[in-house]
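Below are the chains, spelled out letter by letter.
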Amino acid sequence: MIDCLLHTPEGVRDFNIKETSKKIELQNRIGSVFHRYGFRDIQTPTFEYYDVFNHERGTVDIREMYKFFDRDGNILALRPDITPSIARYVSTYYKNEENPVRVCYVGNTFRNGKSYQGKLREFTQAGVELIGINSEDADAEIIALIINSLSIAGLEKFQIDLGQAGFFKGLAEEAGLDANEEEELRNFVDEKNFIAVEELLTRCNMSDDLKQVFLDLPKLFGSVEVIEKARKLTNNAKAINSLDRLEKVYEILCDYGVENYVSFDLGLVNCLNYYTGIIFRGYTYGTGVSIVDGGRYDTLLKQFGKDVPAIGFAIVIDELMLAIERQQISLPEFNIDTLIVYNQQTRKQAIIISEEFRSKGMNVQIGLLEKSLEDNIEYGKKHGIGGIMSFNNNEEVVLVNLQTMDKTVVAINELLDRGEKA
Ligand SMILES: N[C@@H](Cc1c[nH]c[nH+]1)C(=O)O
């Protein structure tokens, strides 16, 4: 039997000191790029009224949400993604704002997925939302921001697939699919389950040509030429407009000089149903699932009372970390610079020195000298500490540099003068 006291439930995990330090480093780096593009941080609650995320909003399937009640019987949900919360926030606090709103965030999200072999059910997203503009320039800005964010994280090889929710929606409308059929089809296409797609299409009454376009969706991926290929398959106005838009966005991405990271996939759909225009998904080596998801959602905010277009994305930090580790990309870790040990007689000097070092920005651990110097060296090495300062008596300090293993003895007065690092 699983010992519930010592284990975490399936789908959630602890992050040890090393991992947490890397995770924070990644979040900070990515956050700094968000800031450089003019986005500002906000925080929304981890759980909200279930209505914020319910099916009408177009978020995940109800069964994937963790739901519970408050003491008044209201249904609450742990956020499965942060975009609806931002839509609620901006619609409330920027109701009459006419200028675009640029916000960014880092937070944990929760999805109770069905077959999540090894996939986390609590995962951290770092994302941005650009609210109030519907233009190809805004689309390209967001994609360029994704590429710069992944680059600053240390990734060199990654790819952003671009698709168009409008392309699929145009075809689905032409086929006369009702909302349920459209959703079913979108989920099958998303899962790349083309046997199920074929089976569903034979049930629906549509022209063979149109059926063929749906069946061809998985082949419509690759470089920019795919857009031309897709154009030849349909004359549906919505689908054609979507392709025109993709082409224009691509031109702007060339101005940013990031086109090499981009490819096209018209079979790209998303389990989230709020997307209305361009959608994107980022991949890299070392993880089978996407590290970035996002797209344009021009009708979501209207549901919260502010009828404005929007676009955004979220990087899944946990998947990015996995990829970075598997690609052996190094990230600096947070480390303790010095361990200061003292005895009853030398306590005061040791405290003065440690406070002085801390005021200079150094990370200092302090403790009573209870073990031998050798034991402290072993402890320091094990925990990546830079050096040891051992206050054995009132006159002298033993300094050990744990990188070089140089050992020196320095007079306390001299040390106070130098304020030096061990
Ligand atoms: N919230 C989306 C990503 C996104 C942010 N903005 C638009 N889309 C997700 O969880 O996949």
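Rules of the game
Residues numbered from 1 in each chain as written. Predicted model: local features only at pLDDT ≥ 70, side-chain atom pairs only at ≥ 80, totals over all residues. Heavy atoms only, no water. Salt bridge = Lys/Arg side-chain N within 4 Å of Asp/Glu carboxyl O. Helix = DSSP H or I, 4+ residues; strand = E, 2+ residues; numbered from the N terminus. Buried < 20%, exposed > 50% of the residue type's maximum accessible area, 1.4 Å probe, protein only. Near = heavy atom within 4 Å. Polar contact = N/O pair within 3.5 Å; in protein donor to acceptor, adjacent residues only side chain to side chain. Areas by Shrake-Rupley, 256 points an atom, 1.4 Å probe, with all protein chains shown as cover. Nonpolar A, V, L, I, M, F, W, Y, C, P; charged D, E, K, R; others polar. Axes fitted to C-alpha atoms, helices over the stretch in contact; angles between N-to-C directions. Parallel < 35°, antiparallel > 145°, perpendicular 65-115°, else oblique. Left-handed = near helix turned anticlockwise from the far one by under 90°. Contact = heavy atoms within 4.5 Å. Pairing = 2+ DSSP bridges.

Points about the pattern of salt bridges
Working step 1: For the structure on display, the rule yields 23 salt bridges.
Working step 2: The salt bridge involving R88 is made with E48; its shortest N-O contact spans 2.6 Å. On the criterion of sequence distance, the pair formed by R88 in helix α2 (residues 83-93) and E48 in strand β2 (residues 47-49) is long-range, its members being 40 residues apart.
Working step 3: Two residues, E356 and K360, come together in a salt bridge whose shortest N-O distance is 3.0 Å.
Working step 4: Overall, the relative accessible area of 51% leaves K360 in the exposed class.
Working step 5: When salt bridges that share partners are traced, they join E136, D139, R245, R296 and D298 into one network.

Remarks on the site of the ligand
Working step 1: Neighbouring residues of the ligand: 16 residues in total, closest D81, T83, Q125, E129 and Y275.
Working step 2: At a separation of 3.0 Å, an oxygen atom of the ligand approaches a polar side-chain atom of R111.
Working step 3: For the ligand, an oxygen atom lies 2.9 Å from a polar atom in the side chain of Q125.
Working step 4: Protein chains shield 98% of the accessible area of the ligand, which is 300 Å² for the free molecule.
Working step 5: The set of elements that each furnish at least two residues to the shell around the ligand consists of β6 (122-131), β11 (292-296) and β12 (310-316).
Working step 6: Here the shell around the ligand is built from residues that sort into seven nonpolar, five polar and four charged.

Details of the environment of K229
Working step 1: By the element assignment, K229 lies in helix α8 (residues 225-231).
Working step 2: As a C-alpha pair, K229 and N241 span twelve residues in sequence and 15 Å in three-dimensional space.

Section: the packing of helix α5 (residues 179-190) against helix α6 (residues 194-203)
Relative orientation and spacing of two packed helices are given, respectively, by the angle between their axes and the distance between those axes.
Working step 1: Between α5 and α6, the shortest axis-to-axis distance is 8 Å and the interhelical angle comes to 155 degrees. Judged by the angle between their axes, α5 and α6 are roughly antiparallel. In this structure, α5 crosses over α6, and the sense of that crossing is left-handed. Between α5, through E181, E184, L185, F188 and V189, and α6, the contact on the second element is made entirely by F194, A196, V197, L200, L201 and R203.

What about the sheet that holds strand β17 (residues 407-411)?
Working step 1: Pairing within the open sheet is mixed, and its five strands lie in the order β14-β13-β15-β16-β17. Across the chains shown, the open sheet's two edge strands, defined by having one partner strand only, are β14 (364-368) and β17. Across this sheet, the average inter-strand angle for adjacent strands is 20 degrees, counted without regard to direction.
Working step 2: The pairing of strand β15 (residues 387-391) with strand β16 (residues 396-401) spans four bridges and is classified as antiparallel. Counterpart to S390 in the pairing with β16 is V398.

Some words on unusual backbone geometry
Working step 1: Phi at Q328 is positive, roughly 55 degrees, even though this residue is not glycine.
Working step 2: Structurally, Q328 is set in the loop between α10 (317-326) and β13 (338-342).
Working step 3: For M405, which is not glycine, the phi dihedral falls at a positive 65 degrees.
Working step 4: Positionally, M405 belongs in the loop between β16 and β17.
Working step 5: The exposure class of M405 is partly exposed, given its relative accessible area of 35%.

The values are spatial; any link to function lies outside them.
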